[in-house]
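Commentary on secondary and tertiary structure
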Amino acid sequence: MKVPTNRRTVLMAAGVAAVAAATGAAAAQSTDIRGAITFKGDVAIPEGHLEIYLEDPAIKDKAQRRTAKTRVKSDGGSRTIEFSLPLTTSPAASPTLQIVARLERADGWLVARGSAKVEAGSPVHVTLKTVMY
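Computed from a prediction, not measured in an experiment: that's the story for all the values here.

A closer look at the confidence of the model for the protein chain
Residue-level pLDDT values for the protein chain average 79, and 73% of them are 70 or greater. Taken together, the stretch residues 24-28 has pLDDT below 50 and engages in zero contacts with residues farther than four places along the chain or on a different chain.

Written out as structure tokens, the structure is:
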């Protein structure tokens, strides 16, 4: 004997399919933002410490504006430095999300700065520009 299909069964099946599709899409997304940093003029990045972080300028509270952060040491001989940051928020949820890179000397002086907008699913390329005092 065949059991007739009712509306409740169809809706439950659709719900299960939707949850499975959403879970699969979320699992397929990378949890890291990857990218590369170069110096303007395609010259070697000067020696110092690179501080790379996510920033959302739309957030008014300065304490909450910066999220993920990492530090990388530049030896003064590389033209490109690659980085990876954990993605804590969705770039689609915040269209103003950006990667900021700051190069500082050992004594703390800012040498160069650069930023780039984060786009979902694509690597980020940041070009450092010399800071003038």
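Additional details are given in the paragraphs that follow.
Remarks on the environment of isoleucine 81
In this fold, isoleucine 81 is placed in strand S4 (residues 80-86). By relative accessible area, isoleucine 81 is classed as buried at 8%. Through-space distance from the C-alpha of isoleucine 81 to that of alanine 44 is 9.9 Å; in sequence the pair is 37 residues apart. Filtering out sequence-adjacent residues up to four positions away, isoleucine 81 remains in contact with Gly35, Ala36, Ile37, Ile45, Leu50, Val72 and Ser74.

Re the sheet that holds strand S2 (residues 48-55)
Ordered in space as S3-S2-S5-S6-S7-S1-S4, the seven strands form an open sheet in which the pairing is mixed. Looking at the sheet topology across the chains shown, the edges are occupied by strand S3 (66-74) and S4. Along the sheet, successive strands turn relative to each other by an average axial angle of 25°, direction set aside. Here strand S5 (residues 98-104) runs beside strand S6 (residues 110-117); their pairing, made up of seven bridges, is antiparallel. By the bridge assignment for S6, valine 100 is matched with serine 115.

Some remarks on the nonpolar core
Counting 22 residues, the largest nonpolar core has Ile37, Leu50, Ile52, Leu54, Ile99 and Leu128 as its most contacted members. Within the residue set of this core, elements represented by two or more residues are strand S1 (32-39), S2, S4, S5, S6 and strand S7 (124-130). Residue contacts for isoleucine 52: discarding those within four places in its chain leaves Ile37, Ala68, Lys69, Thr70, Val72, Phe83, Leu85, Ile99, Val100 and Ala101.

Procedures and definitions
- Residues numbered from 1 in each chain as written.
- Predicted model: local features only at pLDDT ≥ 70, side-chain atom pairs only at ≥ 80, totals over all residues.
- Heavy atoms only, no water.
- pLDDT = per-residue confidence, 0-100.
- Contact = heavy atoms within 4.5 Å.
- Helix = DSSP H or I, 4+ residues; strand = E, 2+ residues; numbered from the N terminus.
- Buried < 20%, exposed > 50% of the residue type's maximum accessible area, 1.4 Å probe, protein only.
- Pairing = 2+ DSSP bridges.
- Axes fitted to C-alpha atoms, helices over the stretch in contact; angles between N-to-C directions.
- Core = buried A, V, L, I, M, F, W, Y, C linked by side-chain atoms within 4.5 Å.

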